[in-house]
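A structural walkthrough
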Amino acid sequence: LSKIIKIDPLTRVEGHLGVSVNVKNNIVDSAQISGMMYRGFERLLEGRSPMDAARIAQRVCGICHEVHGVASVRALEKLYGVSAPLNGRVLQDLILGLHLVVDHLTHFYSFVMPDYVDFEAVRKYKGTAESVNKIKEWVKSPSSSFIKRDFSGRLINDTDTVVKMVSNYMNVVRIKSKAGSGIAIIGAKTPFAHAVMPGGITTEITFNVLSKYLDALDAVSSFVNNEFYEDVTKVASDFKEYFRIGKSYNNFYSSESFGEFYKPLFKEGVYLEGKIQNFDHNKVEYIDGSSFYSADGSPDEDAEGAYSWTKVLRYQGRPLEVGPTARLIINKDEEFKKILNKFGTADNTSSTMTRIVARMVESKRIIEKMYELINMYKLGERTINEVDLSKKVTGYADYSGIAARGALSHKISAEKGKILKYEMVVPSTWNFGPSGGGYEGVVEKALKGCSVIDEKASKSPDVVRTIRSFDPCTACAVH
Ligand code: NFE
């Protein structure tokens, strides 16, 4: 007996994501993941000045806000033939790094943790700590109803652990605010730092500015290395079965990041059929498949067999998983390997829990890199090589770098100072694209084998936990 269960929209993710699973004998036999809107950011850039891309492209997304700004600016640097001085690059990377870690914290505490922790258990708290009693009142009130799970599955419910985790659910808001001040003091504002320009950064950087950034970095570092580490390893050890659930194709792609003037934190590579290989950008293509686009890439709501506004992206015809797991595997991260082995999981395998652990380990690596970069900064030296904005530039340029959810590329073609074509190749398109070319999408593949206990898929934790482990952003995926 088979039945189809739909979750549309899936909550606690960015953007409008539809999920349909075909269930046989309580197991997902196949899945369809749909990006449910068309946005057209690439189209609206056509005909504008290339410099507009630096401001407009970064507004594709409110959750990975700084990554599109930086990717766009670096593609423009190549288009205009300007490179940033060391200080300019360090400052752009300091913004990017702190942003990425905050994005990972948001994912775990706001989107993922409520799937594993019974917030209601805070009500059993008998202590006198004012902050916890405030949370207790909030959990009792109707305003917290969105966080109360109706899972048939098990949740962490011992009072001490829940009090710690739910307190961190709140604390992370303060940490994000602190990190935001660190980003804004260099970038002039956040989200969408507007001091990030082709060639560097326009803000005046003084000792005071750097020490305020350092202050924010210290706060984030302490939270990540203590609380985030403990909370993620607690969830991983209580839900070890999720190291065997949500496996995808085990083909991964990592772009190079944090490394133009210094040793890259993550190198570029593809892990295909068990081997790390050089990545060949010429082998990346959009193909015909189950998306609402015609062969020339224009939107087509009548496309036959289509069910998603996310395009079908392939490497040598194959779907690739992108994200922190991909970066840590391709870069052979020792700590990541150690944690996976401790939980009895093979290296180089993706799973629902691997992705959650990967975000925590990657946050630690990025923070270490931020300390290294801040020490490289040369106070008093230039922070920008300015671009001649009156130049009627003609040519093509692209840049591939990092976003929290995986590899991100921006590509621009311009003629006589106007954009002819702008293209963004986005992590959530890699992971959340629909079927095509004989392969299911990455997340569709990961959902196969998940158990569905109840008629309502929302009561079947394997499905929603697996989807959320990818940290979906449909806003970006369909851009
Ligand atoms: Ni809108 Fe994004 C990130 C990008 S999408 S969240 O990270 O690019 O995958």
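In case you missed it, the structure is sitting above this.
1. Points about the overall build of the chain
- Summing up its helical and strand segments, the chain has 14 helices and 14 strands in all.
- Taking 23 Å as the expected radius of gyration for a compact globule of 479 residues, we find that the chain reaches 22 Å, a close match to that expectation.
- The dimensions of the chain, computed from C-alpha atoms along their principal axes, are 65 × 60 × 45 Å.
- Across the 479 residues that make up the chain, the buried fraction comes to 59%.
- On the chain, roughly 18,700 Å² of surface is accessible, and the fraction owed to carbon and sulfur atoms is 49%.
- Here the chain carries 63 positive and 58 negative side-chain charges, and the mean point of each set is 3 Å from the other.

2. With respect to the coordination of the nickel atom of the ligand
- Distances from the nickel atom of the ligand to its protein donors, namely Cys 61 (SG), Cys 473 (SG) and Cys 476 (SG), fall within the range 2.3 Å.
- Donor residues for the nickel atom of the ligand sit on one chain with the sequence pattern C-x411-C-x2-C.
- A separation of 3.1 Å is found between the nickel atom of the ligand and the iron atom of the ligand. Per residue, the accessibility class of Cys 473 equals that of Cys 476, and both read buried.

3. Some details on the pattern of salt bridges
- Counted according to the given criterion, the structure contains 29 salt bridges.
- In this structure, the salt-bridge partner of Arg 12 is Asp 115, at a minimum N-O distance of 2.7 Å. One end of the pair, Arg 12, is in the loop between strand 1 (2–7) and strand 2 (17–24); the other, Asp 115, is in the loop between helix 4 (86–112) and helix 5 (130–140), with 103 residues separating them in the sequence.
- With relative accessibility at 14%, the residue Arg 12 sits in the buried group.
- One network of salt bridges, in which partners are shared, links Asp 333, Glu 335, Lys 364, Arg 365 and Glu 368.

4. Comments concerning the packing of aromatic side chains
- Under the criterion given, the structure shown has 20 aromatic pairs.
- The interplanar angle of 5° and the centroid separation of 3.8 Å between the aromatic rings of Tyr 253 and Phe 279 together place this pair among those described as stacked. With Tyr 253 in strand 6 (residues 252–254) and Phe 279 in the loop between strand 8 (275–277) and strand 9 (284–287), the pair connects residues that are 26 residues apart, well separated along the chain. Both residues of the pair, Tyr 253 and Phe 279, belong to the buried class.

5. Details of the pairing of strand 3 (residues 27–35)
- Taken together, the 8 bridges between strand 2 and strand 3 define a ladder with antiparallel strand orientation. Note that in strand 3 the partner of Gly 18 across the bridge is Ser 34.
- Hairpin connection from strand 2 to strand 3: 2 residues lie between these consecutive antiparallel strands, with Asn 25 at a positive phi of about 50°.

6. A closer look at the nonpolar core
- Core analysis: the largest hydrophobic core is formed by 143 residues, its most contacted members being Met 353 and Leu 447.
- In contact with Leu 447, not counting residues within four places along its chain, are Val 19, Val 21, Val 28, Ala 31, Ile 33, Val 463, Thr 466 and Ile 467.
- If you look at the next biggest cluster of nonpolar residues, it comprises 12 residues, including Val 270, Tyr 315, Leu 320 and Trp 430.

7. Quick look at helix 3 (residues 65–80)
- Compared with the 22 Å implied by 1.5 Å per residue over 16 residues, the 24 Å span of helix 3 between its first and last C-alpha is a close match.
- In terms of burial, helix 3 is a largely internal element, 15 of the 16 residues being buried.
- The positive-phi residue at the C-terminal boundary of helix 3 is Gly 81, with phi of around 70°.

8. Re the site of the ligand
- Residues in contact with the ligand amount to 13 residues; listed here are only the nearest, Cys 61, Cys 64, Ser 428, Cys 473 and Cys 476.
- Arg 405 places a side-chain nitrogen or oxygen 2.8 Å from an oxygen atom of the ligand.
- Considering only residue class, the shell around the ligand consists of 10 nonpolar, 2 polar and 1 charged.

Analysis parameters
- Residues numbered from 1 in each chain as written.
- Predicted model: local features only at pLDDT ≥ 70, side-chain atom pairs only at ≥ 80, totals over all residues.
- Heavy atoms only, no water.
- Helix = DSSP H or I, 4+ residues; strand = E, 2+ residues; numbered from the N terminus.
- Rg over C-alpha atoms; globule rule 2.2 N^0.38 Å.
- Buried < 20%, exposed > 50% of the residue type's maximum accessible area, 1.4 Å probe, protein only.
- Areas by Shrake-Rupley, 256 points an atom, 1.4 Å probe, with all protein chains shown as cover.
- Lys, Arg positive; Asp, Glu negative; His and termini not counted.
- Charge placed at Lys NZ, Arg CZ, Asp CG, Glu CD.
- Donors = N, O, S within 2.8 Å, 3.2 Å for Na, K, Ca; no water.
- Salt bridge = Lys/Arg side-chain N within 4 Å of Asp/Glu carboxyl O.
- Phe/Tyr/Trp six-rings, centres within 6.5 Å; stacked < 30°, edge-to-face > 60°.
- Pairing = 2+ DSSP bridges.
- Core = buried A, V, L, I, M, F, W, Y, C linked by side-chain atoms within 4.5 Å.
- Contact = heavy atoms within 4.5 Å.
- Expected span 1.5 Å × (residues − 1).
- Near = heavy atom within 4 Å.
- Polar contact = N/O pair within 3.5 Å; in protein donor to acceptor, adjacent residues only side chain to side chain.
- Nonpolar A, V, L, I, M, F, W, Y, C, P; charged D, E, K, R; others polar.

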